Every structure is written in structure tokens, then in C-alpha cells.
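The residues making up each chain are set out below.
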Amino acid sequence: MGNKSSLLLREEEIGQIQEETGFTANQIERLYSRFTSLDRGDCGTLSRDDFLRIPELAINPLCDRIVHAFFVESSDDRVNFRQFMTVLARFRPPKSNDKRNKLNSRSDKLRFAFKMYDLDDDDSISRDELLSILHMMVGDNISQDQLISIAERTIVEADQMGHGTINFEDFCKALERTDVEQKMSIRFLN
């Protein structure tokens, strides 16, 4: 399943993906194997439903936002392997000697995280967007009043310009002491 010879990667493609993402050839081959196993239709692309069949992702409270991130640059609600790898590269642990790949830089990781909260893609996080994300994360474990209080306090503390929303600069400032590079990293096996 998902291993048709027409979908095999060529060495030149592996080299290009290595250059673009910073993954090793072994990691690319392993991730390609995972990609093809998720590709139930053997068409060389993944749909939202293909992602939703990943058990570890399906139980994540932010599942919809994570899946959405894979489709931001897709025009047809399908993701090819290159697009898949570009999103995964953002979760690759940074290496101090790796200056050429910026997909996993601090600023790119922060931009990616910001977009998770910016539900309407207007480059700001409103109280309602923050409230929606908080609700996704905690469900009914916290009362609506407590969630509203948390959202409002977060906006007040992070909003440097007094607009009542959090822009990207506010977001970065609020997280300046957080080790985003490590907290937004997944170890990919070689």
C-alpha cells in the first residue's frame, strides 16, 4: 500500500529536499515511507482525511490547526511530499552550524506558532481567536469565565500597541524568554 514504483524518490529529488529542509537522506527516505503509508489512494498526495487517520495527531487538541498548517500553501486541498517535508522541517531541531536552512529558525518557528492562533489569517490574534484555541486545548476542564479571564489577561499583557489584539511582534516579545527552538522540535530518526 502506498509503495508504487511510480512514486519512488529519485536521488536528485532527495538531494533537493535535503537542501531545502536540512533533513538527512535517511530521514527523507523514512519520512517518504511514512508519507506513502498515509497515502491510502496511492496518488502521491495526502488529503486532510489522510492526516486525521494518524492516531497521535487525532488525539491532539490542536489537531485541526496542525492539519491546517499542511494545507496553507495547497491550492487543491492535497499535499505532495515536498509540501509535507517543508512543514515537517519547521519541527526539525535546529543545529548551531546549520545557517542555510531557515525553516526551523526561531523566527520561522514563531511565525508558524503565531499562525496556529491566527484563525482568520489577518495577522493578529484577537480575544475570540485566543479563546477558541484555549477552548480547543482545555475543553470543558476550565469554566468559560476562567477561559475568558485568561484570554483577556493574555491580550492585555502581550498587546504592546493597545489595539486589543496580539500582532506578530507582540507574540515574539511575549515569547522572547521561551526556548521556542527546542519546544517546537521533534526528533526525527535517522
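Quick caveat, the model's predicted, so the values are computed rather than measured.

Asker: Which parts of the structure should I look at to understand the state of the cysteines?
Answerer: In protein structure, a disulfide is the covalent linkage between the sulfur atoms of two cysteines. Counted by the stated rule, this structure contains zero disulfides. Not part of a disulfide, C43 finds its nearest cysteine sulfur in C63, a span of 19 Å. Using a relative accessible area of 43% as the deciding quantity, one classes C43 as partly exposed.

Asker: Looking at this structure, I do not really get the packing of helix α2 (residues 25-38) against helix α6 (residues 81-89). What am I missing?
Answerer: The description of two helices packed together rests on the angle between their axes and the distance between the axes. Relative orientation of the contacting elements α2 and α6 amounts to 120°, with a least axis distance of 11 Å. Considering their axes alone, α2 and α6 lie oblique with respect to each other. The two elements α2 and α6 meet at a crossing, and its hand is right-handed. Along its contact with α2, which presents I28, L31, Y32 and F35, the element α6 presents F81, F84, M85 and L88.

Asker: What am I meant to see in the side chain of D39 here?
Answerer: Tracing the chain through its elements places D39 in the loop between α2 and β1 (45-46). It turns out D39 is buried and unbridged, and the closest side chain with the opposite charge, R78, is 4.6 Å from it. A polar atom in the side chain of D39 sits 2.7 Å from the backbone nitrogen of G44.

Asker: Explain the confidence of the model for the protein to me, please; I cannot follow it from the model alone.
Answerer: Detailed reading of the predicted coordinates is not advisable wherever pLDDT is low. Of the residues in the protein, 93% reach a pLDDT of 70 or more, and the chain-wide mean stands at 89. Of all helices and strands in the protein, the one with the weakest mean pLDDT is helix α11 (residues 180-183) (88), whereas strand β4 (residues 166-167) scores best (98). Predicted confidence for residues 1-6 stays below pLDDT 50, and this span has 10 contacts to residues more than four positions away or in other chains.

Here is what the cut-offs are and how they apply
- Residues numbered from 1 in each chain as written.
- Predicted model: local features only at pLDDT ≥ 70, side-chain atom pairs only at ≥ 80, totals over all residues.
- Heavy atoms only, no water.
- Disulfide = S-S within 2.5 Å.
- Buried < 20%, exposed > 50% of the residue type's maximum accessible area, 1.4 Å probe, protein only.
- Axes fitted to C-alpha atoms, helices over the stretch in contact; angles between N-to-C directions.
- Helix = DSSP H or I, 4+ residues; strand = E, 2+ residues; numbered from the N terminus.
- Parallel < 35°, antiparallel > 145°, perpendicular 65-115°, else oblique.
- Left-handed = near helix turned anticlockwise from the far one by under 90°.
- Contact = heavy atoms within 4.5 Å.
- Lys, Arg positive; Asp, Glu negative; His and termini not counted.
- Salt bridge = Lys/Arg side-chain N within 4 Å of Asp/Glu carboxyl O.
- Polar contact = N/O pair within 3.5 Å; in protein donor to acceptor, adjacent residues only side chain to side chain.
- pLDDT = per-residue confidence, 0-100.

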